[in-house]
Amino acid sequence: MMKLVRLFGRLTLWKLVLGLLLIAGAYAAAVRFTQGLGAATNLSDAYPWGLWIGFDVLVGVGVAAGGFVIAATVHVFHMERYAAIARPALLTAFLGYLMVILAVLFDLGRPTRIWHPLVFWNPRSVMFLIGWCEMLYAIVLALEFSPLLFEKLGWTRPLRAVRKLMGPLVILGVILSVTHQSSLGSLYVIAPDKLHPLWYSGMLPVLFLVSAVAAGLAMTMFESCMSSRAFGRRLEGDLLRGLARAVVVVQAVYLVLRANDLLYRGALHYAFEATPEAVLFWGEIGLGSALPMVLLASRRVRYSNSGLFFAATLTVMGFIVHRLNVAVTGMAGWTGASYFPSVLEMTVTVSLVALGVALFGLAGRWLPVFPPAREERVPAWMIRRRPAAGGPFLTRPALFGLWVMVAVGAVGVAATGGLPALGGGRDAAEVAVAAAGGEESPRPVSADGELTLPPPWLFPAGEESPGPVRFDHRDHVDAGELGCRRCHPGLFLFTRSGAPAEGEIDADRAHDGDLCAACHDGETAFNTYDDCTLCHVDSDD
Amino acid sequence: MTRGLLIDLARCRGCGSCVTACREINRLPLDAPAERLDARTWTFLDHRAGLTVKRQCMHCLDPACASVCPVGAMHRSPDGPVVYDETLCMGCRYCMIACPFGVPRYEWDSREPRVRKCILCWEQRVRNGEKPACAAVCPAGAIAFGERQDLVDRARQRLRERPDDYVDHIYGLREAGGTSVLYLSPVPFAALGFPRVQEDRRYPGMTWAILEKMPAGWTVSGALLVGLWWLTGRREVMARVERGELSVDEAMQLAPPLAGGAGREEE
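The rules behind each value
- Residues numbered from 1 in each chain as written.
- Chains lettered and ligands numbered in written order.
- Predicted model: local features only at pLDDT ≥ 70, side-chain atom pairs only at ≥ 80, totals over all residues.
- Heavy atoms only, no water.
- Helix = DSSP H or I, 4+ residues; strand = E, 2+ residues; numbered from the N terminus.
- Rg over C-alpha atoms; globule rule 2.2 N^0.38 Å.
- Buried < 20%, exposed > 50% of the residue type's maximum accessible area, 1.4 Å probe, protein only.
- Contact = heavy atoms within 4.5 Å.
- Areas by Shrake-Rupley, 256 points an atom, 1.4 Å probe, with all protein chains shown as cover.
- Patch = residues over 30% accessible without salt bridge, like charges linked within 9 Å, V, L, I, M, F, W, Y side chains within 5 Å.
- Salt bridge = Lys/Arg side-chain N within 4 Å of Asp/Glu carboxyl O.
- Buried area = accessible area lost by both parts, 1.4 Å probe.
- Polar contact = N/O pair within 3.5 Å; in protein donor to acceptor, adjacent residues only side chain to side chain.
- Nonpolar A, V, L, I, M, F, W, Y, C, P; charged D, E, K, R; others polar.
- Axes fitted to C-alpha atoms, helices over the stretch in contact; angles between N-to-C directions.
- Parallel < 35°, antiparallel > 145°, perpendicular 65-115°, else oblique.
- Left-handed = near helix turned anticlockwise from the far one by under 90°.
- Phe/Tyr/Trp six-rings, centres within 6.5 Å; stacked < 30°, edge-to-face > 60°.
- Pairing = 2+ DSSP bridges.
- Domains from an automatic or database assignment.

A. Up close: the overall build of chain B. The secondary structure content of chain B amounts to nine helices and nine strands. Compactness check: chain B gives a C-alpha radius of gyration of 28 Å against a globular reference of 18 Å for 267 residues, more than 25% above the reference. By principal-axis analysis of the C-alpha atoms, chain B measures approximately 95 × 45 × 35 Å. A total of 267 residues make up chain B; the buried ones form 60% of that total. Expressed as a percentage of contacts within chain B between residues at least 6 apart in sequence, the contacts between residues at least 24 apart total 57%.

B. A look at the overall build of chain A. Of regular secondary structure, chain A possesses 20 helices and two strands. The burial tally for chain A puts 50% of its 541 residues in the buried class. Partitioning the contacts of chain A with sequence separation of at least 6, the portion at a separation of at least 24 is 74%. Carbon and sulfur atoms form 67% of the exposed surface of chain A, whose accessible area is close to 25,500 Å².

C. Representation of a nonpolar patch on the surface in the model. All names here are of chain A. Together, L11, L13, L16, V17, L20 and I23 make up a nonpolar patch on the protein surface, roughly 630 Å² of accessible area in all. Examined against the element boundaries, I23 turns out to sit in helix α2 (residues 13-35). By relative accessible area, which is 57% here, I23 ends up exposed.

D. Molecular detail of the pattern of salt bridges. Taken as a whole, this structure holds 25 salt bridges over all chains when the rule is applied. A salt bridge links D472(A) to R474(A), with the shortest nitrogen-to-oxygen separation between them at 3.8 Å. Residue D165(B) pairs with R162(B) through a salt bridge whose shortest N-O separation is 3.2 Å. Accessibility expressed as a relative area gives 28% for D165(B), which makes it partly exposed. Taking relative accessible area as the criterion, R162(B) reaches 22% and is therefore assigned partly exposed.

E. Main features of the interface of chain A and chain B. Listed per partner, the contact involves 85 residues of chain A and 96 residues of chain B. Surface buried jointly by chain A and chain B totals about 7,700 Å² across both partners, of which 60% is contributed by carbon and sulfur atoms. Of all residues in chain A, the largest losses of buried area upon contact with chain B belong to D45(A), R124(A) and I190(A), amounting jointly to 10% of the total for that side. Remark: the boundary between chain A and chain B carries two salt bridges. R93(B) serves as the salt-bridge partner of D107(A), at 2.9 Å between the closest nitrogen and oxygen. Taken together, the links from chain A to chain B amount to 34 residue pairs in polar contact (both at pLDDT 80 or more). Classifying every residue of the side of chain A that touches chain B gives 46 nonpolar, 22 polar and 17 charged.

F. Structural view of the packing of α2(A) against helix α15 (residues 343-366) of chain A. All names here are of chain A. Where α2 meets α15, the closest approach of the two axes is 8 Å, and the angle between their N-to-C directions is 135°. By the angle between their axes, α2 is oblique relative to α15. Relative to α15, the crossing made by α2 is left-handed. Two secondary-structure elements touch here, α2 through L18, L21, L22, A24, G25, A28, V31 and R32 and α15 through L344, T347, V348, V350, S351, A354, L355, V357 and A358.

G. Local environment of the packing of aromatic side chains. Residue and element names in this part refer to chain A. Following the criterion strictly, the structure yields 24 aromatic pairs over all chains and no others. With a centroid separation of 5.1 Å and 10° between ring planes, the pair formed by F94 and F145 is classed as stacked. In this pair, F94 is assigned in helix α6 (residues 83-107) and F145 in helix α8 (residues 126-153), connecting sequence segments 51 residues apart. Since its relative accessible area comes to 8%, F145 is described here as buried. Aromatic pair F231 and F370: ring centres 5.2 Å apart, planes at 50°, arrangement tilted. With F231 in the loop between α10 (204-230) and α11 (237-265) and F370 in the loop between α15 and α16 (396-417), this pair connects stretches of sequence that are 139 residues apart.

H. The pairing of strand β2 (residues 44-48) of chain B, seen in detail. All names here are of chain B. Across five bridges, β2 lies against strand β3 (residues 51-55) in antiparallel orientation. Within β3, the position partnered with H47 by the bridge is T52. Taken together, β2 and the strand that follows it, β3, pair antiparallel across an intervening segment of two residues, in which A49 is found at a positive phi of about 50°.

I. The arrangement of the domain arrangement of chain B in detail. Considered domain by domain, chain B is made up of domain 1 (3-207) and domain 2 (216-254). A C-alpha centroid distance of 60 Å is found between domain 1 of chain B and domain 2 of chain B.

J. Expanded view of unusual backbone geometry. Here the amide bond leading from H488(A) into P489(A) is cis, since omega sits at -10°, within 30 degrees of zero. Its identity as a non-glycine residue notwithstanding, H59(B) has a phi of 50°, on the positive side. Assignment of secondary structure puts H59(B) in the loop between β3 and α2 (64-68). Since its relative accessible area comes to 0%, H59(B) is described here as buried. Positioned with a positive phi, L120(B) is a non-glycine residue whose angle comes to about 55°. With respect to the helices, strands and loops of the structure, L120(B) is situated in the loop between β7 (115-116) and α4 (133-137). Owing to a relative accessible area of 2%, L120(B) belongs among the buried residues under this scheme.

This is the structure we're talking about:
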C-alpha cells in the first residue's frame, strides 16, 4: 500500500476518474478485439473511417507537432531558453504518438498485420509513406527522450553519446515530422469528388502542416498550463508568450493560405450557404483560428494566464474540428449517409486520452521532465502585478469561454445529425432528371436485343439411360418474360454446366419431385412418365 | 491486352442472371438481398429511371485503390481486372476512401475482415481465357466481354448506328482516366446515379505529384536545417566566449558542428 502511494501519490478525484476511464477502455478493447469492428463501431461502407482516424490519428499526430517544433527551436536554432519547456513538449509528443499507434491498432481490420508495410512495399501510397515516417519518428522521439531515462538512472556514457547526436537527431525528426504531418493531408488529395469543396484542396498537405504547427504550439501552451497546476509549478510565462506570438504568426499564415485557396478554387460561396458544412466551417475558422489569433495578438491576453490558456484551448479545439470536418463531416455530402461514433468508439478515444494524461502524470513524477525553476524574464511594467506561482488560469472568464465552446460544439454535433438531409438533396436532383427523361418513357430495348441463350445441352447419359437427355433453354424461356429465376439458382447452377444446385444430377430426382420433375409433373408441364423421348432423345422406347 | 466489359443499359432486360451468377461463382450467399453493394453483393441491379443498372467495380486503367494501398494488396492484373490479395491486406480501408466510384466494401462483421469487390472473375475464369460469369450468362447480350479497344469500337458503332437510342456518352471511356468497364445508356448517366468523377485524370497521379517531390524536399530541407544548426550553434559559442563563459581553447574544442549540441544541456 505504501509503495502504491509512493508511485502514484495520494488518491484524488482526478486519479479516480482516470482510473475508471482506463477500466472502461479495457472493457471497450475487449469488445473490439473479440467481436470485431462491426459490433464495436458505427463504421460502415459509407464511413470506413470515423472517430478513431479523425480524432485519435489525425488530431493525435497534429497536437504532437509541438514536439518537433520546440525541439527544433532549441537544438537546431539554438534558442536555448526554450529548453525549459522542451522536455514536457517532447513528452507530450511521445505520448501523442503512443496514442496514435494504439488507435491504429484499434482501427485496423487485421491489427496483427500492422508490420506489413515494412515488408510489403508500395511507394506510390501516401499511407505507406506515413507508416514508415511515423515508425521512424517514433524511434527518433524515443532517442530524443532517452536522456531523461539515462539521467534518472545515472548512466552518463549513453547520456553523453545521445547529447552529441542531438542536433542531427532533431533535424531528422523535423524532416520526418514535416513529411508525415503534411502527408496526412495528402491522404485526402486523392478524393476530390468526395470531400466537400470547403475542405478539399490540392493544398491540403500544406494546410495540414501549418495548422498542425499552430496546434502543436497551442498544445504545448495548454499542457504547460495544466502541468503547472498539477505539479504546483510556476508557469513559464515568458516562454509561453513567445509561443503565443508564434501561434499568431502561424495562424495568420494559415488563414491567408486558406482564404487564398478557397478563392482560387472558387469555393468561397459554399461558406455562405445555409448548410451544416458552412456552420462547421465558420466554427472552425472563426472560433478556432481567427479568434485565438486575435486574442493572442493582444498583449493583455498574452500577459494573463487565463487568457493564454483560453486562447490555446480554442486553437486546439479549432484544430480538432478541422480534422473531424475533413475526416467525417466533409464526406457526408458524397456518401449521403450519416455517422455518429458509437459509445464504444468514444470510450476508446476518451480512455486513450486518459491513458496519455496518466502516463504524463507518472512521467512528471518520476522522470526529470521539468527543469529546475529559473528566472523569468519579466518586463518592468509587469513586476508589480507579477502572477503568483502556478497562477490561476481557470478563472471565471476562461471557464465561461470554455462553456461557450462546448455549447457551440453541441450545436455543431446537432447540425451533423441533420446531414443526411444533404444527401437527400442530391437524390432529389437525380429524381428530377429521372422524371424529365426516363420514368414515363417506355423501356428502351433496342431491336437487335435477341436473346443469346446457351446452346442446347446434352446431359451425360447414365448407363441405363434410354438415351442422353437434351435440355434446350428455348423450350423454357419466353422472350417476353425471361424468368430465369424459376430454375436458377434454386434448381440448377449457372456456372457449372449441368450441375444442379445441390448434389449430383440424379435420375430419381430428375423424374420425381425435383430438378426437371419440379415442373414436369403433369401440372406445370408434361409428366416425366408420359413420353420418355421428349427428354431422352435418340432413345429406343 | 486490357480486357473489360461493355454494359449496354438499353439491352438489359433486368432478369438478374448476372447477379446470381456472380454470387454462384464467388461462393457468396445466393439469397441475400441485392439492393446495394456490400461485402456479399459484388454486383446488383439498381432500379433507376425505369432502367435496371448493373453496378459493379469499374476496373480503372490506373486504379486509385491499388495506388493507395500501403501494402499493395490491391493491384491491377496485366489483363485489366483489379484484383485483391487478402493475405497482404491489413485492413486500413484507405482503398474505400480513395475509390472515386465508392466500390470497395468491407466485411465489418468478420473478425478477420477482408475488402470485397468484383474482380472480374479474374481468378476463376478470365485467367483461364473464359468470360466473367455475368457476361457468360446474360441472355440479352447486354454484357459484352472483350478487348477494351474492341469494346470501345463496338460502343462507338452502336452510338453511330442508333443515335436515338442512346445518350452520346460512353461512361468509362474517359472517367477517372479510363476504366475497363464501359457503359452505354439511353438516359443521361447523372440520372442513373453514376458518380461524377474527373475525366481524363488518373487519380493516382494526384498524390504522386506530391510524393514525387518528397526526395527533393528532404534534400533541400535537410541541407537548410544543417546549415542553420551550424550557423546558430557557432553564433552561440561565440557569444559565450564574448561573455567570458568559455575560453577560446575550450571553444575550439567544441568547434562546430557539434558546438551547439555538446555545450548546452549540462547547465
